Structure formats: C-alpha cells, structure tokens
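Fold and geometry: a report
Listed here are the chains, written in short residue letters.
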Amino acid sequence: MVANKLLTLAFVKTPTNILLGYKKRGFGMGRWNGFGGKVEVGETIDGAAKRELMEESGLVANTLHKIGILMFEFVGDPQLMEVHVFTTNEWKGTITESDEMRPEWFPIESIPYKKMWTDDQFWFPYMLNARPFYGYFTFEGMHKIVYHRLDSVNDL
Ligand code: 6OG
C-alpha cells in the first residue's frame, strides 16, 4: 500500500467570473488551473489550501468551502493523487503574480478548457453550480483519460 499524495486546489469566483492561474513551472506547467499544492506535514487540508492560495495568487481567504474530492491515477504510478477542491467568493488582498502562477480573471462562459487539464471540463460544471462531487480519473500520460467516474455527493 502506498499512501495517497494529498493536494489542494482553490478557486476564487464571483457569480460571473473565475480567477485562474497560468502554471509557469512544475506539474501542470503551461495549463490554467486553480491555486494549490501539497499538504505539508502538520498542516490541515484547509490550512494548506489557504496557504497555497496566498502564495500563488496573493489573496487571503478567511473561509474556503470544500466542494469536491478528485482522485487521479496515472497508469504505471502506484501512488494516487487525492486533490481537495475548494471555492471562495470572499477574499482580501491584491492579486499578485508568483514564480509559479500568473493569475487572470475569466468570464465563466469562456473558461479556457482546451488549455487546462482534460479532467476539468467534467467536474467544473459541478463546482460552478456549487454541487459537491467526488471524481476518479485514470490518466494515460498527461492528456488522455482512459477511465472516469463522477458522482454528486451529500457530504465530503
Ligand atoms: P504542485 O505539484 O504544483 O501542485 N492538480 C490538478 N488539477 C487539475 N485540474 N487536474 C489534474 O489532473 C490535476 N493534478 C494535479 C493539484 C499541483 C497542483 O495541480 C493540481 C495542485 O493544486 C490530473 O505543488
């Protein structure tokens, strides 16, 4: 048994727009995504999500709402990624580009799915409609999804 790799992913949104970050380096480089990263030892998942949001976007969120859990399996890698997805519509601070991310607002009608992870188009509608979800995706390489399952859930 290998423990899951625990990660966070946070989205700042208004009723019409969503803040995405262009990943400049590392895992997911060249794609737009929410803000997040690894949960460090001794940190809560919620605490890690707030820290990563601040480090990568410059924004402070007092409250994050947990909206989904995503499991990612990459064929050939025994370690699953467990990504906890959060949203907030209340934040403080000034949007700031970091070494890792270039933040930009997008209208919800023109989310750049073609320049994002291929799983996003499946679960974004749940997130955007505030419907809690659980997803499992199996990737072959960095683009191709060979299996997926997505469920609406009551509790996360
Ligand atoms: P660092 O390794 O840079 O954190 N992440 C994914 N996000 C989406 N939308 N789809 C995926 O499909 C993802 N796999 C990982 C979790 C990586 C960041 O990327 C997210 C983290 O926020 C496979 O610290």
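Residues numbered from 1 in each chain as written. Predicted model: local features only at pLDDT ≥ 70, side-chain atom pairs only at ≥ 80, totals over all residues. Heavy atoms only, no water.

Tallying secondary structure elements over the protein chain gives two helices and 10 strands in all. Going from N to C terminus, the protein chain has its helices and strands arranged as β-β-β-α-β-β-β-β-β-α-β-β. Relative to a compact globule of 156 residues, whose C-alpha radius of gyration would be 15 Å, the protein chain shows 15 Å and is just as compact. Dimensions of the protein chain along its principal axes, counting C-alpha atoms only, are 40 × 40 × 35 Å. Within the protein chain, the fraction of its 156 residues that count as buried is 43%. (Helix = DSSP H or I, 4+ residues; strand = E, 2+ residues; numbered from the N terminus. Rg over C-alpha atoms; globule rule 2.2 N^0.38 Å. Buried < 20%, exposed > 50% of the residue type's maximum accessible area, 1.4 Å probe, protein only.)

Among the nine residues of strand β1 (residues 5–13), seven are classified as buried, and the element is accordingly described as predominantly covered. Counted along the chain from β1 to the antiparallel partner strand β2 (residues 17–23), the turn is three residues long. (Pairing = 2+ DSSP bridges.)

Looking at the ligand, there are 18 residues lining it, with T8, K23, N33, D119 and D120 nearest. Here an oxygen atom of the ligand and a backbone polar atom of T8 are 2.7 Å apart. Residue K23 places a side-chain N or O atom 2.6 Å away from an oxygen atom belonging to the ligand. In isolation the ligand offers 520 Å² of accessible surface; the protein chains occlude 94% of this area. Every element with two or more residues in the shell around the ligand is listed here: β1, β5 (65–74) and α2 (120–128). Its residues assigned to classes, the shell around the ligand comprises nine nonpolar, four polar and five charged. (Near = heavy atom within 4 Å. Polar contact = N/O pair within 3.5 Å; in protein donor to acceptor, adjacent residues only side chain to side chain. Areas by Shrake-Rupley, 256 points an atom, 1.4 Å probe, with all protein chains shown as cover. Nonpolar A, V, L, I, M, F, W, Y, C, P; charged D, E, K, R; others polar.)

Oppositely charged side chains are able to pair whenever their charged atoms sit close together. Tallying each qualifying case throughout the model produces nine salt bridges. In this structure, R51 and E52 form a salt bridge, with 3.1 Å as the shortest nitrogen-oxygen distance. Of the charged contacts in the structure, one is a salt bridge between K144 and E140, with a shortest N-O distance of 3.7 Å. Overlapping salt bridges bring together E43, R51, E52 and E55 as one network. (Salt bridge = Lys/Arg side-chain N within 4 Å of Asp/Glu carboxyl O.)

What follows is about the environment of K5. As for its position among the elements, K5 is in strand β1. For K5, a relative accessible area of 31% translates into the label partly exposed. Expressed as a C-alpha distance, the spacing of K5 and L80, which sit 75 residues apart in the sequence, is 6.2 Å. Each residue touching K5, except ones within four places of it in the same chain, is listed here: K38, Q79, L80, M81 and E82. (Contact = heavy atoms within 4.5 Å.)

The next subject is the side chain of S57. When you line up the elements, S57 lands in helix α1 (residues 45–57). Residue S57 is classed as buried on the basis of its relative accessible area, which comes to 0%. A polar side-chain atom of S57 sits 2.6 Å from the main-chain carbonyl oxygen of L53. Not counting residues up to four positions away in its chain, the partners in contact with S57 are F35, T94, I95, T96 and P103.

Turning our eyes to something else, we now look at a nonpolar patch on the surface. A surface patch of nonpolar side chains, amounting to about 270 Å² of accessible area, comprises V75, V146 and Y147. Here V75 lies in the loop between β5 and β6 (81–88). (Patch = residues over 30% accessible without salt bridge, like charges linked within 9 Å, V, L, I, M, F, W, Y side chains within 5 Å.)

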